[in-house]
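Structural characterization, general
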Amino acid sequence: MNNSIPGKVVVITGASSGAGRCTALELARNGACVVLASRNEQALRQVADECRDLGAEALVVPTDVTDYAAMQQLAVTSFAWKSRIDVWFNNAGVLAAGPFEQTPWAIHEKVISTNLLGYMRGAYAVLPYFKQQKTGTLINNISIGGYVPVPFGEAYSASKFALRGFFEALKGELTGWPRIHVVDLFPPFLDTPGILHAGNYTGKVLKPAPPVYDPMIVANAVKASILRPMPVRYPGGAAAILFRLGHSLAPETMMKLTGLLMKGYFKVARTAADTDGNLFSTVHYAMGVRQNSPARIRPGASRILNIAAAAAVTGLTVLFLRKQLRHPGK
């Protein structure tokens, strides 16, 4: 495998905003040939122009990841463009929040169809090309939500936990294909417009939970995964690892803590009308890379947070070991 970025054909779903747009621009800056996919053709064309201004080739393919035929066509069109697909970045995703039984059932189904089945459709579409080429890298932006439950976002959590299991199984199946790589990314919360596009049935304004990271950490992780594929990466460093370890060592505590934090926020948050956001159709607002949250942690500026996270991990480990010593076997 040619572990370099210039000339690589990279398919990016959810490329119209947020981490997808950020990644497209960063890969274009590094000489990749980018295939831009999402439902919002107008926004995609703007991203394509920005990529071309950076000297890269860009192809726009309007695609709904919940449409099996459209995902198959995305792979066909991408391969026909340059006679290969080097990298496929599963990134398109949606969010919906609200009390489970008060959120319309169609919303839950749409979240699963987009976040879980959309990634599966992507893998299903591109794997035949990877096997034909005997090489390729499938990168999945799962998020730390694959380990940490999100109360009032049960369908979101179901999709993210399921993605982790699906891709672990797929990696096992592909052990006979040493040049086909599957890389799962588990970044912490990102400062993207995604939360402004969310379905919202909480009655309150939604805001990202701190610490909130610049989406550039995902773009950097995608670049690193192209250059040096590995099964799992944790963009954001210690913060993402802390969330994972916290859930592994004290899952009940993490579950209760996230619930209390959400309920506490809803008590003080401003009111908002119910909306299905961008779940059933694309939107035409806030299509940039960032939401510009004042709490955003920029790349390279998180050393203190990483030290604090490492200390927290140590504390959790000590508490876990004490519990085991006091109650062995539990």
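Throughout what follows, the structure given in this document is the object of discussion. (Residues numbered from 1 in each chain as written. Predicted model: local features only at pLDDT ≥ 70, side-chain atom pairs only at ≥ 80, totals over all residues. Heavy atoms only, no water.)

Under the definition given, this model contains 1 cavity of 30 Å³ or more. By volume, the largest cavity amounts to about 50 Å³. Ala 96, Ala 97, Gly 98, Thr 103, Ile 107, His 108, Phe 152, Gly 153, Glu 154 and Ala 155 together form the lining of the largest cavity. Among the elements of the structure, strand 5 (96-97), helix 4 (105-133) and helix 5 (154-173) are those that each provide at least two residues to the lining of the largest cavity. (1 Å grid on protein atoms, 1.4 Å probe; cavity = no way out; pocket = protein on both sides within 12 Å on 5 of 7 lines; lining within 4 Å. Points joined across faces, edges and corners; volume = space filled by probe spheres on them. Helix = DSSP H or I, 4+ residues; strand = E, 2+ residues; numbered from the N terminus.)

What follows concerns the sheet that holds strand 7 (residues 180-185). Spatially, the 7 strands line up as an open sheet ordered 3-2-1-4-6-7-10, and their pairing is parallel. The two strands at the open ends of the sheet, each matched to only one other strand, are strand 3 (58-62) and strand 10 (232-233). The sheet contact formed by strand 1 (residues 9-13) and strand 2 (residues 33-38) spans 5 bridges and is parallel. Bridge pairing in strand 2 links Val 11 to Val 35. (Pairing = 2+ DSSP bridges.)

Moving on, we come to the packing of aromatic side chains. On inspection of all chains with the given rule, the structure shows 9 aromatic pairs. Here the aromatic rings of Tyr 68 and Tyr 124 are separated by 6.1 Å at their centres, their planes lie at 55°, and the arrangement is tilted. On the criterion of sequence distance, the pair formed by Tyr 68 in helix 3 (residues 68-82) and Tyr 124 in helix 4 is long-range, its members being 56 residues apart. On the basis of relative accessible area, Tyr 68 is assigned to the partly exposed category, the value being 45%. Judged by its relative accessible area of 57%, Tyr 124 falls in the exposed class. Seen in terms of ring centroids, Phe 152 and Phe 266 are 5.1 Å apart; in terms of plane orientation they differ by 90°. Their pairing is edge-to-face. Pair noted here: Phe 152 is in the loop between strand 6 (136-141) and helix 5 and Phe 266 is in helix 8 (residues 251-268), with a separation of 114 residues, a long-range link. On the basis of relative accessible area, Phe 152 is assigned to the buried category, the value being 18%. (Phe/Tyr/Trp six-rings, centres within 6.5 Å; stacked < 30°, edge-to-face > 60°. Buried < 20%, exposed > 50% of the residue type's maximum accessible area, 1.4 Å probe, protein only.)

It is worth spelling out the side chain of Asn 140 at this point. Note that Asn 140 resides in strand 6. When its relative accessible area of 0% is taken as the criterion, Asn 140 is described as buried. Aside from chain neighbours lying at most four places away, what touches Asn 140 is Asn 90, Tyr 119, Phe 167, Val 182, Val 183, Asp 184 and Leu 185. (Contact = heavy atoms within 4.5 Å.)

Before going further, it helps to spend a moment on helix 6 (residues 216-227). The terminal C-alpha atoms of helix 6 lie 17 Å apart, and with 12 residues this matches the ideal 16 Å at 1.5 Å per residue to within 8%. Where burial is concerned, most of helix 6 is hidden: 9 out of the 12 residues are buried. Among all positions in helix 6, only Met 216, Ile 217, Val 218, Ala 219, Ala 221, Val 222, Lys 223, Ser 225 and Ile 226 are buried. (Expected span 1.5 Å × (residues − 1).)

This part covers the nonpolar core. Counting residues in hydrophobic clusters, the biggest one holds 38 residues, and the most contacted among them are Leu 74, Trp 88, Phe 130, Leu 138 and Phe 167. Of all the elements, helix 4 adds the most residues to this core, at 8 residues. In contact with Leu 74, not counting residues within four places along its chain, are Val 11, Thr 13, Val 35, Ala 37, Val 61, Thr 63 and Trp 88. Ala 58, Val 60, Phe 89 and Ile 139 belong to the second largest nonpolar core, which has 37 residues in total. (Core = buried A, V, L, I, M, F, W, Y, C linked by side-chain atoms within 4.5 Å.)

Attention now moves to the environment of Phe 166. Within the secondary structure layout, Phe 166 lies in helix 5. Residue contacts for Phe 166: discarding those within four places in its chain leaves Met 120 and Ala 123.

Packed helix pairs are specified by the crossing angle of their axes together with the interaxial distance, meaning the distance between the axes. Two elements in contact, helix 4 and helix 5, have axes separated by 8 Å at closest approach and are oriented at 20°. The angle between helix 4 and helix 5 falls in the class roughly parallel. Remark: the crossing between helix 4 and helix 5 carries right-handed chirality. On helix 5, the residues that touch His 108, Val 111, Ile 112, Asn 115, Leu 116, Tyr 119, Met 120, Ala 123 and Leu 127 of helix 4 are Ala 155, Tyr 156, Ala 158, Ser 159, Lys 160, Ala 162, Leu 163, Phe 166, Phe 167 and Leu 170. (Axes fitted to C-alpha atoms, helices over the stretch in contact; angles between N-to-C directions. Parallel < 35°, antiparallel > 145°, perpendicular 65-115°, else oblique. Left-handed = near helix turned anticlockwise from the far one by under 90°.)

Burial of strand 7 is extensive: 5 of the 6 residues sit out of reach of the surface. Bridge count for strand 6 against strand 7 is 6 bridges, and the pairing is parallel. Bridge pairing links Ile 139 to Val 183 in strand 7. Running through helix 5, the crossover from strand 6 to the neighbouring parallel element strand 7 is right-handed. Bridge analysis of strand 7 against strand 10 gives 2 bridges, and the strand direction is parallel. Along strand 10, the bridge assignment pairs Leu 185 with Arg 233. (Right-handed = clockwise from strand over helix to strand, strands pointing away.)

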